[in-house]
Number of protein chains: 2
Amino acid sequence: MNDSALPRQASETRDRILDAAEALFVEHGLEATSMRMITGRANANLAAVNYHFGSKDALIQEVFRRRLTELNRQRLAALDRLEAEAQGAPLKPSRIVEAFFGTALALAADTEHGGHTFMRLLGRTYTEPNAFVRQFLAEEYAEVLERFLGALYRALADVPREEILWRFHFMMGAMSYAIAGTDALQLFAGTFDDADPQRLMPRLMSFLLGGLRAPLPVFNAARDAAEDAAAA
Amino acid sequence: MNDSALPRQASETRDRILDAAEALFVEHGLEATSMRMITGRANANLAAVNYHFGSKDALIQEVFRRRLTELNRQRLAALDRLEAEAQGAPLKPSRIVEAFFGTALALAADTEHGGHTFMRLLGRTYTEPNAFVRQFLAEEYAEVLERFLGALYRALADVPREEILWRFHFMMGAMSYAIAGTDALQLFAGTFDDADPQRLMPRLMSFLLGGLRAPLPVFNAARDAAEDAAAA
DNA sequence: AATCAATTCAAACGTCTGTTTGAATCATAC
DNA sequence: GTATGATTCAAACAGACGTTTGAATTGATT
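What counts, and at which threshold
Residues numbered from 1 in each chain as written. Chains lettered and ligands numbered in written order. Predicted model: local features only at pLDDT ≥ 70, side-chain atom pairs only at ≥ 80, totals over all residues. Heavy atoms only, no water. Helix = DSSP H or I, 4+ residues; strand = E, 2+ residues; numbered from the N terminus. Buried < 20%, exposed > 50% of the residue type's maximum accessible area, 1.4 Å probe, protein only. Contact = heavy atoms within 4.5 Å. Salt bridge = Lys/Arg side-chain N within 4 Å of Asp/Glu carboxyl O. Near = heavy atom within 4 Å. Polar contact = N/O pair within 3.5 Å; in protein donor to acceptor, adjacent residues only side chain to side chain. Nonpolar A, V, L, I, M, F, W, Y, C, P; charged D, E, K, R; others polar. Axes fitted to C-alpha atoms, helices over the stretch in contact; angles between N-to-C directions. Parallel < 35°, antiparallel > 145°, perpendicular 65-115°, else oblique. 1 Å grid on protein atoms, 1.4 Å probe; cavity = no way out; pocket = protein on both sides within 12 Å on 5 of 7 lines; lining within 4 Å. Points joined across faces, edges and corners; volume = space filled by probe spheres on them. UniProt positions renumbered as here; feature names shortened; annotations may be inferred. Core = buried A, V, L, I, M, F, W, Y, C linked by side-chain atoms within 4.5 Å. Phe/Tyr/Trp six-rings, centres within 6.5 Å; stacked < 30°, edge-to-face > 60°. Lys NZ or Arg CZ within 6 Å of the ring centre and 35° of its normal.

Participant: Lay out the overall build of chain A in plain terms, naming residues and giving numbers.
Facilitator: Looking only at helices and strands, chain A features 10 helices and 0 strands. In chain A, the succession of α and β elements from N to C terminus is α-α-α-α-α-α-α-α-α-α. Looking at the 232 residues of chain A, the share that counts as buried comes to 51%. Counted over contacts in chain A with a minimum sequence separation of 6, partners at least 24 positions apart contribute 72%.

Participant: If you had to explain the pattern of salt bridges to someone new, which residues and values would you point to?
Facilitator: All names here are of chain A. Going through the model one piece at a time under the given rule, you end up with 24 salt bridges over all chains. Across the pair E83 and R154 runs a salt bridge, and its minimum N-O distance is 3.8 Å. With a gap of 71 residues between them, E83 in helix α4 (residues 56-86) and R154 in helix α7 (residues 131-155) connect regions that are remote in the sequence. Assessed through its relative accessible area of 53%, R154 is described here as exposed.

Participant: Explain unusual backbone geometry residue by residue, including any values.
Facilitator: Phi is positive for N43 of chain A, which is not a glycine, with a value near 50°. Assessed through its relative accessible area of 67%, N43 of chain A is described here as exposed.

Participant: Could you give me a rundown of the protein's contact with DNA strand D, with the residues and numbers involved?
Facilitator: As a structural note, the neighbourhood of DNA strand D is formed by 15 residues, with T13 and H52 of chain A together with M35, R36 and K56 of chain B the closest of them. Within 4 Å of the protein, atoms of DNA strand D come from sugar and phosphate in 47% of cases. Between DNA strand D and H52 of chain A there is a distance of 2.8 Å, counted from a phosphate oxygen to a side-chain nitrogen or oxygen. In the model, a base nitrogen of DNA strand D is placed 2.9 Å from a nitrogen or oxygen of the R36 of chain B side chain.

Participant: Could you give an account of the protein's contact with DNA strand C, with specific residues and numbers?
Facilitator: Inspection of the region around DNA strand C gives 15 residues, with M35, R36 and K56 of chain A together with T13 and H52 of chain B positioned closest. Expressed as a percentage, the sugar and phosphate content of the atoms of DNA strand C within 4 Å of the protein is 47%. With respect to DNA strand C, the side chain of S34 of chain A contributes an N or O atom lying 3.2 Å from a phosphate oxygen. Within the side chain of K56 of chain A, one N or O atom sits 2.8 Å away from a phosphate oxygen of DNA strand C. Those elements that provide at least two residues to the surface near DNA strand C are α2 (35-41) of chain A together with α3 (48-52) of chain B. Among the residues forming the surface near DNA strand C, the class breakdown is 5 nonpolar, 7 polar and 3 charged.

Participant: Could you give an account of the packing of helix α1 (residues 12-28) of chain A against α4 of chain A, with specific residues and numbers?
Facilitator: When two helices pack together, their arrangement is captured by the angle between the axes and the distance separating the axes. Residue and element names in this part refer to chain A. Interhelical geometry of α1 versus α4 gives an angle of 95° and a closest axis separation of 10 Å. By the angle between their directions, the pair α1 and α4 is classed as roughly perpendicular. For the pair formed by α1 and α4, the contact residues are R14, I17, L18, D19, A21, E22 and F25 on the first element and L59, I60, E62, V63, R66 and R67 on the second. Per-class residue counts for the contact of α1 with α4 are 7 nonpolar, no polar and 6 charged.

Participant: Quick rundown of empty space enclosed by the protein? Include the residues and the values.
Facilitator: Which parts of space are left empty comes out when a probe the size of a water molecule is rolled across the atoms. Per the stated rule, a full pass over the model turns up 5 cavities of 30 Å³ or more. In this structure, the largest cavity encloses a volume near 250 Å³. Every residue lining the largest cavity is counted, 21 residues in all, and those nearest its centre are E128 and P129 of chain A together with G29, E128 and P129 of chain B. Those elements that provide at least two residues to the lining of the largest cavity are α1 (12-28) and α6 (115-125) of chain B. Each residue belonging to the lining of the largest cavity can be placed in one class, and the counts come to 8 nonpolar, 7 polar and 6 charged.

Participant: Could you give me a rundown of the UniProt feature "DNA-binding region" (unreviewed entry) in chain A, with the residues and numbers involved?
Facilitator: This chain's UniProt record puts "DNA-binding region" (unreviewed entry) on residues 34-53 of chain A. For the annotated span residues 34-53 of chain A, helix accounts for 60% and strand for 0% of the residues, and the straight-line distance between the end C-alpha atoms is 15 Å.

Participant: Break down the nonpolar core for me, with residues and values.
Facilitator: Counting residues in each nonpolar core, the largest one holds 146 residues, and the members touching the most others are F101 and L122 of chain A together with F101, M119 and L122 of chain B. Apart from the residues lying within four places of it in its own chain, the contact partners of L122 of chain A are F64, L68, L71, L137 and Y141 of chain A.

Participant: Break down the packing of aromatic side chains for me, with residues and values.
Facilitator: The final tally for this structure, using the stated rule, is 19 aromatic pairs over all chains. Both rings, one in F100 of chain B and one in F168 of chain B, keep their centres 5.0 Å apart while their planes meet at 65°; by these two values the pair is edge-to-face. Here F100 of chain B, found in helix α5 (residues 93-109), pairs with F168 of chain B, found in helix α8 (residues 161-181); they are 68 residues apart in sequence, far enough to count as distant. Note on accessibility: F100 of chain B and F168 of chain B belong to one class, buried. What links up through ring pairs into an aromatic cluster is the set W166, F170 and F207 of chain A together with W166, F170 and F207 of chain B. Over the ring of F219 of chain B we find R199 of chain A; its NZ or CZ atom is 4.6 Å from the centre of that ring.

Written out as structure tokens, the structure is:
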């Protein structure tokens, strides 16, 4: 019995494959990562992926699922805590935003257990064209988004829901780039002297809250667009 | 002589291939789009891509180059105009942001000539793992980023450059998601009643400027992170 | 009408892809 | 020790990939 020595084995090979796949997906993308690359890095036989997961698509799904389920569980727990403390009163928008994006940033700051790797992967996958991946993400996010958007609607009762929805969307974009940009994107040549992940959190929070609280846009007539076009 | 009838032919097949590739890259991604898909859609022979461009990688590069060069030319022209009007005085940050992101949004609003398609593609390509695509984008953006960041540094002389750089990065993320989200991302199930691209511009501008002008973050000791972790 | 370069075409190239197979190996239970 | 189920393994599968080839076709120039 090795139950006392090891917490649980649950196929050690399976986990090695998941870790290898996660790292390679970040490095090369989903499509460009082959089964042979994965099993090679995981020191496993080529057939092991199909044995343990059934297919490459199922493996991709499991790579996301194992982390995303936990992340979203933490997010919901944080929101539950806020609502319990508030005792029915509307929440502060800043606390809601912190609960959602702070939880993700905390995971991104964890370089020990692959959290950072995964968040880089997740950030770019929101815009992944692959149909079944998008479908899967939408399902994983359904409950969390419903809860958090609902909380924001209540917290900002005077703001049109359409605007809140868009701003939440903008916030997700800013966060994704924030995480990707800490090491992936080098558009800004030779810059980011201060890429301390410890400081990313307050930096991003300030930005997100500033955007969320910004004055509502005023929609002028369609003439504006015509003028802009003519001026160019 | 058909010079009078046609403005320029410059290989009609070549253009059909570029258009087909652009559309397919958005739909399936760079890697998942095959040469046979491209030439099939363009009604061209399989060998036409290698004849006109040399390789698939060179085709990818040209798909981005033909639009990005023009976009960044317009951006620089807009900045030139602002600086000429200001006559040496520092620019308003909002005008700088408008010059950069407004120009991109205007291209994204052009559904007639493929501008919209391209901007969706561009948004997701910033986080593309493919090495040579990233290298190419960095080169294409070098001058524009230097000019715009310089203008923002002067316009916000009291803000640490590090913060400006990060916030510019956040803004790029928000914009990318904004464009992708108008039709690609359906994380937010059944929503976006009002996805009018005419209104996206003021919506995004409000958010971006709110984020840019947000109070600067305060960096507490590393204790904060430890507390957060302990509370969870 | 002949010439020439540009372009198109069908066919094939070797390589890589995800998946399947059936036998070998392992660890555990009887 | 022997049977049993889980796992690993080397090998092969058919199909798709990007690229190359050499001949056929085109359209304008001499």
